[in-house]
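Chain residues, written in single-letter form:
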There are 2 protein chains.
Amino acid sequence: MAEEKQDAEIKIKEAARRVFLAQGYEGTKMRQIAEAAGVNLAMINYYFRSKEQLFNSIYAETFSQFIGQVVQLINESTPLEVKVWKIVDRYCDFLVENPLVPGFILSKQRVDGGEFFKKLDVRGVIENSVFKKQLAEETEKGNIRSTDPLQVITVILGSLVFPIMAQQVVSYVGGLDNKGFREFMEERKQIIPEMIMAYLKVK
Amino acid sequence: MAEEKQDAEIKIKEAARRVFLAQGYEGTKMRQIAEAAGVNLAMINYYFRSKEQLFNSIYAETFSQFIGQVVQLINESTPLEVKVWKIVDRYCDFLVENPLVPGFILSKQRVDGGEFFKKLDVRGVIENSVFKKQLAEETEKGNIRSTDPLQVITVILGSLVFPIMAQQVVSYVGGLDNKGFREFMEERKQIIPEMIMAYLKVK
DNA sequence: GTCTATATCGTGATAGAC
DNA sequence: GTCTATCACGATATAGAC
């Protein structure tokens, strides 16, 4: 009764990702994943040794996705102002399509002494970025003020991530339905870059 | 062997708050709370009927604290620009002192049809705010551009909440120790208001 | 590779003595 | 009000047949 090859492994991982993202580590039960994947409970422990191992592989992938997007965008070779607009536009789209990712990533407090981050090689990813160089150059030319790139990046990320994570509260407070919330996020694509540039251009 | 009056109830609640904030609902075990409170496991079920009820009372309190701060700040009768600076300053301090609050609040996805929010009466809390009136007035006078107050508030909150929630990642990426991170947040108290005002003043 | 059955443990909650 | 002892259940994980 062999399933087609071993795409059971893939189905398990996809199902696990859905459930873990929605309910977190402790909130997720192995039986839920089995059911969502349409496989037997024992199969999960056959392909992945344990719940923790299954979770870790999914966490690592999702973290890479979450931060990889940023790394890629800040290193593109577009002019500074265009780049700011592009980062916001792309990352906003990513978040709207993957609204559970930030909460999932940020919920896990990794206190393994930074071992996890080391493997992903993210230290200094901003220090060595094209984005940082561009900020320095434009400052040199007198076009913008001197600024810490990490501050700029975290303003962009925070401004986009927060409403996604707090969608329920934001929608309720603002009286927005789903359509209204999407429009709210679309409007942000314009506001955030304008705000960043307005700040930078004050000398 | 009566403890002094029934301050056991208070000790339980304080301990529960600490543990729930750090580990979330599912991640928290009743036995942990009992140990942290220095009371017997049975005592918790004596004072609070169940884990869920204990959690709910703490969640409600913490949510009020989280959003109550904002409501109060946006309704103060200080001039617009001063107010923006004050909101950022106060909320930043609050978050630095209570770094676990946002993750705790945002982790719970309340899908009780908005019943929870209704009780707290937060709908339209921005729509009816002094802050909104001030934005409208200054726009009228031609001092600032026309803007959605909800967009402004969520930029402020997001810019402050995100680095707090992502402290580990931000610190690692930026190569910051604890002292460096605190300085990073202090620097933000200046950057965020300047950014908001720079944006608003573009007509 | 896939299933059933089960071992083992941890959890929330309570009964009942004091 | 406070404790000990325990119940009832559900969780992860595995053994072992097919």
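Residues numbered from 1 in each chain as written. Chains lettered and ligands numbered in written order. Predicted model: local features only at pLDDT ≥ 70, side-chain atom pairs only at ≥ 80, totals over all residues. Heavy atoms only, no water.

**Quick notes on helix α8 (residues 130–140) of chain A**
Residues and elements named next belong to chain A. Every buried residue of α8 is listed here: Phe131, Gln134, Leu135 and Glu138. Projected onto a plane normal to the axis of α8, the buried residues spread over an arc of 100 degrees and lie on a single side. The elements touched by buried residues of α8 are α4 (51–74), α5 (80–97), α9 (149–165) and α11 (178–200). Looking one or two residues past α8, glycine 142 carries a phi angle of roughly 85 degrees, positive in sign. (Buried < 20%, exposed > 50% of the residue type's maximum accessible area, 1.4 Å probe, protein only. Helix = DSSP H or I, 4+ residues; strand = E, 2+ residues; numbered from the N terminus. Arc of directions from axis to C-beta. Contact = heavy atoms within 4.5 Å.)

**A closer look at the nonpolar core**
Nonpolar side chains in soluble globular proteins generally cluster together in the buried interior. Membership of the largest hydrophobic core comes to 138 residues, with the highest contact counts inside it found for Ile33, Leu54 and Ile196 of chain A together with Ile33, Leu54 and Ile196 of chain B. Here isoleucine 33 of chain A is in contact with Ile12, Ala15, Ala16, Val19, Phe20, Thr28, Ile44 and Leu54 of chain A, once residues within four sequence places are set aside. (Core = buried A, V, L, I, M, F, W, Y, C linked by side-chain atoms within 4.5 Å.)

**Regarding the relation of the copies chain B and chain A**
Overlaying chain B on chain A yields an RMSD of 0.1 Å, the required transformation being a rotation through 180 degrees with an accompanying axial translation of 0.0 Å. Put plainly, the chains are arranged around a two-fold axis. Taking the C-alpha atom as reference, chain B places glycine 158 of chain B closest to the rotation axis, 2.3 Å from it. Comparing interface residues between copies, 100% of those in chain B also sit at the interface in chain A, which points to an isologous, same-surface contact. (Least-squares fit on C-alpha atoms with pLDDT ≥ 70 in both.)

**Regarding the interface of chain B and chain A**
The interface is formed by 50 residues belonging to chain B together with 50 residues belonging to chain A. Between chain B and chain A, the buried area comes to about 4600 Å², and carbon and sulfur atoms account for 69% of it. Counting the surface chain B buries against chain A, the share from its top three residues, Phe162, Tyr172 and Met195 of chain B, is 17%. A salt bridge links glutamate 194 of chain B to arginine 145 of chain A; the shortest N-O distance between them is 2.5 Å. Remark: the boundary between chain B and chain A carries 12 residue pairs in polar contact (both at pLDDT 80 or more). If you list the elements that add at least two residues to the side of chain B that touches chain A, you get α1 (7–27), α4 (51–74), α7 (115–120), α9 (149–165), α10 (167–174) and α11 (178–201) of chain B. The class makeup of the residues in the side of chain B that touches chain A is 29 nonpolar, 12 polar and nine charged. (Buried area = accessible area lost by both parts, 1.4 Å probe. Salt bridge = Lys/Arg side-chain N within 4 Å of Asp/Glu carboxyl O. Polar contact = N/O pair within 3.5 Å; in protein donor to acceptor, adjacent residues only side chain to side chain. Nonpolar A, V, L, I, M, F, W, Y, C, P; charged D, E, K, R; others polar.)

**Some points on the pattern of salt bridges**
All names here are of chain A. Across all of its chains, the model carries 22 salt bridges over all chains by this definition. In this structure, the salt-bridge partner of lysine 118 is glutamate 115, at a minimum N-O distance of 3.6 Å. Taken together, the residues span about one helical turn, with lysine 118 and glutamate 115 both in helix α7 (residues 115–120) at a distance of three residues. Judged by relative accessible area, which is 47%, lysine 118 ranks as partly exposed. Linking lysine 189 and glutamate 186 is a salt bridge whose minimum nitrogen-to-oxygen distance equals 3.0 Å. Of this pair, lysine 189 and glutamate 186 both sit in helix α11, three residues apart, which is roughly one turn of the helix. Overall, glutamate 186 belongs to the partly exposed group, its relative accessible area being 46%. Within this structure, Asp89, Asp93, Glu186 and Lys189 form a network of salt bridges that share partners.

**Here's the deal with helix α1 (residues 7–27) of chain A**
Here α1 of chain A is 21 residues long, yet its end C-alpha atoms lie only 26 Å apart, well below the 30 Å a rise of 1.5 Å per residue gives. The largest bend in α1 of chain A comes to about 80 degrees, at leucine 21 of chain A. Where α1 of chain A is concerned, the buried positions are Ala8, Ile12, Ala15, Ala16, Val19, Phe20, Leu21, Gly24 and Gly27 of chain A. Summarising the contacts, the buried residues of α1 of chain A are in contact with α2 (30–37), α3 (41–47), α4 and α6 (101–107) of chain A together with α1 of chain B. (Expected span 1.5 Å × (residues − 1). Bend = angle between axes of the 7 residues up to and from the residue.)

**What about the packing of α11 of chain A against α11 of chain B?**
Where α11 of chain A contacts α11 of chain B, the axes come no closer than 8 Å and their chain directions differ by 105 degrees. Comparing the axis directions of α11 of chain A and α11 of chain B gives the class roughly perpendicular. From α11 of chain A, Ile191, Glu194, Met195, Ile196, Ala198 and Tyr199 of chain A reach across to α11 of chain B, where they touch Ile191, Glu194, Met195, Ile196, Ala198 and Tyr199 of chain B. Tallied by class, the residues present in the contact of α11 of chain A with α11 of chain B amount to 10 nonpolar, no polar and two charged. (Axes fitted to C-alpha atoms, helices over the stretch in contact; angles between N-to-C directions. Parallel < 35°, antiparallel > 145°, perpendicular 65-115°, else oblique.)

**Quick notes on the side chain of lysine 83 of chain A**
Residues and elements named next belong to chain A. Along the chain, the position of lysine 83 falls in helix α5. The charged side chain of lysine 83 is buried without a salt bridge, its nearest counter-charge being glutamate 76 at 6.9 Å. Those residues in contact with lysine 83 that sit more than four places away from it in its chain are Leu73, Ile74, Asn75, Glu76, Thr78, Val130, Phe131 and Gln134. (Lys, Arg positive; Asp, Glu negative; His and termini not counted.)

**Re the UniProt feature "domain: HTH tetR-type" (unreviewed entry) in chain A**
When the UniProt feature table is mapped onto this chain numbering, "domain: HTH tetR-type" (unreviewed entry) sits at residues 6–66 of chain A. The distance separating the terminal C-alpha atoms of residues 6–66 of chain A is 28 Å; by composition the span is 85% helix and 0% strand. (UniProt positions renumbered as here; feature names shortened; annotations may be inferred.)

**What to know about the environment of lysine 29 of chain A**
Residue and element names in this part refer to chain A. With respect to the helices and strands, the residue lysine 29 is situated in the loop between α1 and α2. A C-alpha to C-alpha distance of 15 Å links lysine 29 and phenylalanine 48, two positions 19 residues apart in sequence. Here the side chain of lysine 29 touches glutamate 26 through a polar contact of 3.0 Å, landing on its backbone oxygen.

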